[in-house]
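# Coordinates in review
What follows is the residue order along each chain.
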Amino acid sequence: MEVFVRRLPKVELHLHIEGSLEPELMFEMAARNNITLPYQTVQEARDAYQFDDLQSFLDIYYQGANVLITERDFFDLTWAYLLRCKADNVIHTEIFFDPQTHTARGIAFDTVINGIYHALRQGEKELGITSKLIMCFLRHLSEEEAFETLAQAEPHLNRIVGVGLDSSEVGHPPEKFQRVFTKALSMGLKTVAHAGEEGPAENIWNSISLLNVSRIDHGVQCTQDPALVAELAKNRMPLTVCPLSNIKLRVFDSMENHNILKLLDQGLCVTVNSDDPAFFGGYMTDNFLALTRALNPSKKQLVMLTRNAIEASFISDEEALNLNSQLDEFWLHHGDDS
Ligand code: HPA
Ligand code: ZN
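In this convention, every chain numbers its residues from 1, walking through the sequence in written order. Starting at A for chains and at 1 for ligands, labels are handed out in the order in which the entities are written. With pLDDT at 70 or above as the cut-off, local features in this predicted model cover only qualifying residues; side-chain atom pairs require 80 or more to be listed or tallied, and sums for whole chains, interfaces and linings still use all residues. By convention in this description, side-chain values take in all heavy atoms of the structure and omit both hydrogens and water.

### Concerning the packing of aromatic side chains
Pairs were defined over the aromatic rings of Phe, Tyr and Trp, the Trp ring being its six-membered one, requiring ring centres within 6.5 Å. Orientation was assigned from the angle between planes: stacked under 30 degrees, edge-to-face over 60, tilted for the rest. Using the criterion set out here, one finds 14 aromatic pairs in the structure. Residues Phe57 and Phe280 carry aromatic rings whose centres are separated by 4.7 Å and whose planes lie at 50° to one another, so their mutual orientation is tilted. Of the two residues, Phe57 is situated in helix H4 (residues 54-64) and Phe280 in helix H14 (residues 277-280); the sequence distance between them amounts to 223 residues. When a residue's accessible area, from a 1.4 Å probe over protein chains only, is under 20% of the maximum for its type it is buried; when over 50% it is exposed; and in between it is partly exposed. Phe57 gets classed as buried once you look at its relative accessible area, which sits at 2%. On the numbers, 6.1 Å between centres and 65° between planes, the contact of Phe97 with Phe109 is edge-to-face. Working definition: helices are DSSP H or I runs of at least four residues, strands are E runs of at least two. Numbering for both runs from the N terminus.

Here's what the structure looks like:
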């Protein structure tokens, strides 16, 4: 089963590029940018990655991002992630970036997006990995600051497929961003939002009705409300689930108790994603392996998770056909009815 999981073609839809910053690269960037880190060694940094909840993670995550200064830094960060995608058989990825984490430190929006975008283009050319870019608003900041960020993105609309909403969910519900999401939609952008990670099922309902989202990031708290689960199944509203993240941030007390396969079996369009792999103990293959060891899925269920991600992605019908045929080819050689 492990070989099957490693070789399975994968599609990632929930990855914060700043959350893929490994401590080794963080130290390299700190040295070349003359930044002092609160850690002496890579090991000390890794040892500090122990979290009680979302906020305790976010504090350390924003701190790590302080080493990202130049366009080259954003390029190197993204390129390192793409090499991990290649190793994990990720064939398509839709990644988040948090411009406000950087513009608040005086880094130009253009520096951030140029570095990330050029790495993505090179990844397509040299690694054959296709990608899309989603800009997130930090929900602990104001509506006004989100509008300013959207304005900064205007010259780059051809490089951004949509907007998202991340950071502290509790206390910052989706309705706070209804107007800026309406504006984004009017500019031709898709919308997604983190909801039902730590927050209530109500945040999922409101992200759908007020923010018009095409998918829900996390969404695992939907089980608080059976009517919501039924609605998500009926509409095939995708959930970008992040198994290792949920364990590290104590959304579930153990992987054995994770609800991803239950939701899959109820007909929901659930997908597997790595969220912030440098902080949560692994990339796509690690997430698939962890849930496989704990929940013992069939090969059919594992393939369905990628099938769902293709359905949930923002690619064209033609690109989806291509990815699905890669998955069919894989199934032909590695599938059986176990
Ligand atoms: N939740 C909310 N905000 C985030 C996350 C997350 O899992 N990762 C990075 N920013
Ligand atoms: Zn996330």
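### Here's the deal with unusual backbone geometry
Located in the positive-phi region is Asn212, a residue other than glycine, with phi close to 55°. Topologically, Asn212 is positioned in the loop between helix H10 (201-211) and strand S6 (215-218). When its relative accessible area of 48% is taken as the criterion, Asn212 is described as partly exposed.

### With respect to the pattern of salt bridges
When a carboxyl oxygen of Asp or Glu lies within 4 Å of a side-chain nitrogen of Lys or Arg, that pair is called a salt bridge. Throughout the structure, instances matching the rule amount to 14 salt bridges. One salt bridge connects Arg46 with Glu24, and the closest N-O pair in it is separated by 2.9 Å. Of the two residues, Arg46 is situated in helix H3 (residues 42-48) and Glu24 in helix H2 (residues 23-32); the sequence distance between them amounts to 22 residues. Look at Arg46 and you get partly exposed, because its relative accessible area is 30%. For Glu24, a relative accessible area of 40% corresponds to the partly exposed category. For Asp73, the salt bridge goes to Arg32, with nearest N and O atoms at 2.7 Å. Residue Asp73 is located in helix H5 (residues 71-87), and its partner Arg32 is located in helix H2; the two are separated by 41 residues in the primary sequence. You can call Asp73 buried: its relative accessible area is 0%.

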